Amino acid sequence: MSGRTLVVAPNWVGDCVMAEPVIAALAASGREVVMLAKPGLTPLFALFPGVQGTLARLADERATVAAIRAAACDEALVLPNSFRSAWLVRRAGIPRRHGYRGDLRDLLLAPATRRPAARPPRPQIADYAELLAAMGVAAPASWIPRLRPTPALAAQGRERLARARLEPGAGPLVALFPGAEFGPSKRWPWERFAALATGLRRRIPRVQPLIVAGPKEVWTAVRVHEASGKIHPVLGPDLDLALLAGVLSHLDLLVTNDSGPMHLAAALGVPCVALFGPTDPRRTAPAGAGHRVLSTARWCSPCFRRRCPLLHHRCLRDLTVDQVAAACGAALGGEAPASGTGQ
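Keep in mind that this is a model prediction, so the values were computed, not measured.

The next thing to look at is the packing of helix H9 (residues 241–248) against helix H10 (residues 260–267). At a closest axis distance of 10 Å, the pairing of H9 and H10 adopts a crossing angle of 60 degrees. Taken together, the axes of H9 and H10 are oblique relative to one another. The two elements H9 and H10 meet at a crossing, and its hand is right-handed. The residues of H10 that touch H9, namely those facing Leu241, Leu244, Ala245 and Leu248, are Pro261, Leu264 and Ala265. Residue composition of the contact of H9 with H10, by class: 7 nonpolar, no polar and no charged.

What follows is the structure, encoded as structure tokens:
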């Protein structure tokens, strides 16, 4: 089938990245894909080779509906599960509207697809398989997201690293991402990230640690920077997602909470040491080979709560600096020797 397909993007960076195989499958079927996404997410889709255009999902819904109508799409694929996402494409008059049932969306979608029960839990990346089948689209050759920055973005990323006196190839570039927009329960304590930055310099020859942060993680990143001796640069708060990808593409390793940058780095082919607490790595572990997922497998995890309901946060606090540093050494090609930095 050919024609224009509007894809309503998820609301989180990681979820958008995990939808890349769906976009690739739609493009491979001959469709011209137009994305509808929140303004902060729109730069990300410059990395998706199957995307032909992007619309910003504005706070003014009338303006958003008008923009959708002007795009003249033949069908829509609604990836978020919210009522409002389905309502937008219904108001825009798109004749074929695909999405999963629930939250009274059956009245807005044409057709609505029943979501299958996934037991045991399957990776979230594959959650859209039934939607593709309902659209008559063949499944992608791989469910592993793959993104590549343009040469210009890669060059800009290298230039940003050079400003911070970091040089790809001069020693392992290891970025630490201490944030997670979901909430505090997803975050390994920032003090541990600071100790890890210091410990890696002792463990790994010529290592170049840096701290990555988004606009909402500046405070946390600054605390890690200060507590680790004010020698590890902070990158990211002023970058859009496309340029952030240009920076991440040069990394040798990312140490991260379960987060959007984790999925972005993994899709760029960067190995991750991923720290999981209240979320389920069976669902949202970084896709692909070479990653190391650390969790404590406590009886209360995964709880999927933004704050620890038991107030101890041990699902992440029980991960020591030594454990994470050893995983970093292994990911970089050699087990790091112990140095007594566990906390």
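Looking now at the layout of surface pockets. A water-sized probe, rolled over the atoms, reveals where empty space remains. If you add up the space inside the largest pocket, you get close to 1,300 Å³. Taken together, 46 residues form the lining of the largest pocket, with Asn11, Trp12, Val13, Gly14 and Asp15 sitting closest to its centre. Counting only elements with at least two residues in the lining of the largest pocket, the list comes to helix H1 (13–18), H9, H10 and helix H11 (281–284). Looking at side-chain class alone, the lining of the largest pocket contains 21 nonpolar, 12 polar and 13 charged residues. In this structure, the second largest pocket is lined by Pro178, Pro184, Arg187, Trp188, Pro189, Trp190, Glu191, Trp219, Thr220, His313 and Arg317.

For helix H13 (residues 321–331), a buried count of 8 out of 11 residues is recorded, marking the element as mostly surrounded by other parts of the structure. Of the positions making up H13, those classed as buried are Val321, Val324, Ala325, Ala326, Ala327, Cys328, Gly329 and Ala331. Those residues of H13 hidden inside the fold are in contact with helix H7 (190–203), strand E10 (253–257), strand E11 (272–275) and strand E12 (292–294).

Mean pLDDT for the protein chain: 91, with 93% of residues reaching 70 or above. Segment residues 335–343: pLDDT under 50, and 25 contacts once partners within four positions in sequence are set aside and those in other chains are kept.

Looking now at empty space enclosed by the protein. A full pass over the atoms with the stated rule returns 1 cavity of 30 Å³ or more. Approximately 50 Å³ is the volume found for the largest cavity. If you go around the largest cavity, the residues you meet are Val17, Ile125, Ile144, Pro145, Arg146, His263, Ala266, Ala267 and Ala287. At 3 residues, the largest contribution of residues to the lining of the largest cavity is made by H10. Residues of the lining of the largest cavity, tallied by class, amount to 7 nonpolar, 1 polar and 1 charged.

As a further point, take the environment of Thr198. Tracing the backbone through its elements, the reader meets Thr198 in helix H7. For the pair Thr198 and Pro215, spaced 17 residues apart in sequence, the C-alpha separation works out to 24 Å. Those residues in contact with Thr198 that lie beyond four places of it in its chain are Ser228 and His232.

This part is about the sheet that holds strand E4 (residues 75–78). The 6 strands lie next to each other as E3-E2-E1-E4-E5-E6, forming an open sheet whose pairing is parallel. Single-partner strands in this sheet number two, and they are strand E3 (51–56) and strand E6 (112–113). In terms of strand pairing, strand E1 (residues 3–8) meets E4 through 4 bridges, oriented parallel. Each residue of the ladder has a partner; that of Val7, found in E4, is Leu77. Contacting E1, strand E2 (31–37), E4 and strand E5 (96–100), helix H4 (residues 83–91) crosses the sheet at an angle of about 175 degrees to E4.

We now examine the pairing of E2. Among the 7 residues in E2, 6 count as buried, and that is most of the element. Pairing analysis gives 6 bridges linking E1 to E2, with the strands arranged parallel. Each bridged residue has a counterpart across the sheet, and for Arg4 the counterpart in E2 is Glu32. Inspection of the sheet shows E2 paired to E3 by 5 bridges, in the parallel sense. Looking across to E3, one finds that Val34 is bridged to Gly53.

Here is what the cut-offs are and how they apply
The residue count restarts for each chain, going from 1 along the sequence in the order it is written. Only residues with pLDDT of 70 or above have their local features reported here, since the model is predicted, and side-chain atom pairs are shown and tallied only from 80 upward, although totals for entire chains, interfaces and linings are computed over all residues. Hydrogens and water are ignored here; the side-chain numbers use all heavy atoms of the structure. Working convention: axes come from line fits to C-alpha atoms, limited for helices to the stretch in contact. Angles between N-to-C directions cover 0 to 180 degrees. Helix and strand assignments follow DSSP, with helices taken as H or I runs no shorter than four residues and strands as E runs no shorter than two, numbered in order from the N terminus. The labels follow the angle: roughly parallel below 35 degrees, roughly antiparallel above 145, roughly perpendicular from 65 to 115, and oblique for the rest. A clockwise turn of the near helix away from the far one marks a right-handed crossing, whereas an anticlockwise turn of less than a right angle marks a left-handed crossing. Every residue pair with non-hydrogen atoms within 4.5 Å of one another is taken to be in contact. The nonpolar class holds Ala, Val, Leu, Ile, Met, Phe, Trp, Tyr, Cys and Pro. Asp, Glu, Lys and Arg form the charged class, and all remaining residues, Gly among them, are polar. A pocket, in this scheme, is an open set of points on a 1 Å grid over the protein atoms alone with protein on both sides within 12 Å along at least 5 of 7 lines, while a cavity is a set where a 1.4 Å probe fits but cannot get out; residues line either one if an atom lies within 4 Å of a point. Grid points are joined across faces, edges and corners, and a volume is the space filled by probe spheres set on the points. Only protein chains enter the accessibility calculation, which uses a 1.4 Å probe. A residue is then buried if its area is under 20% of the maximum for its type, exposed if over 50%, and partly exposed in between. A residue's pLDDT is the confidence the predictor assigns to it, expressed on a 0 to 100 scale. Whether two strands pair depends on DSSP finding at least two bridges between them.

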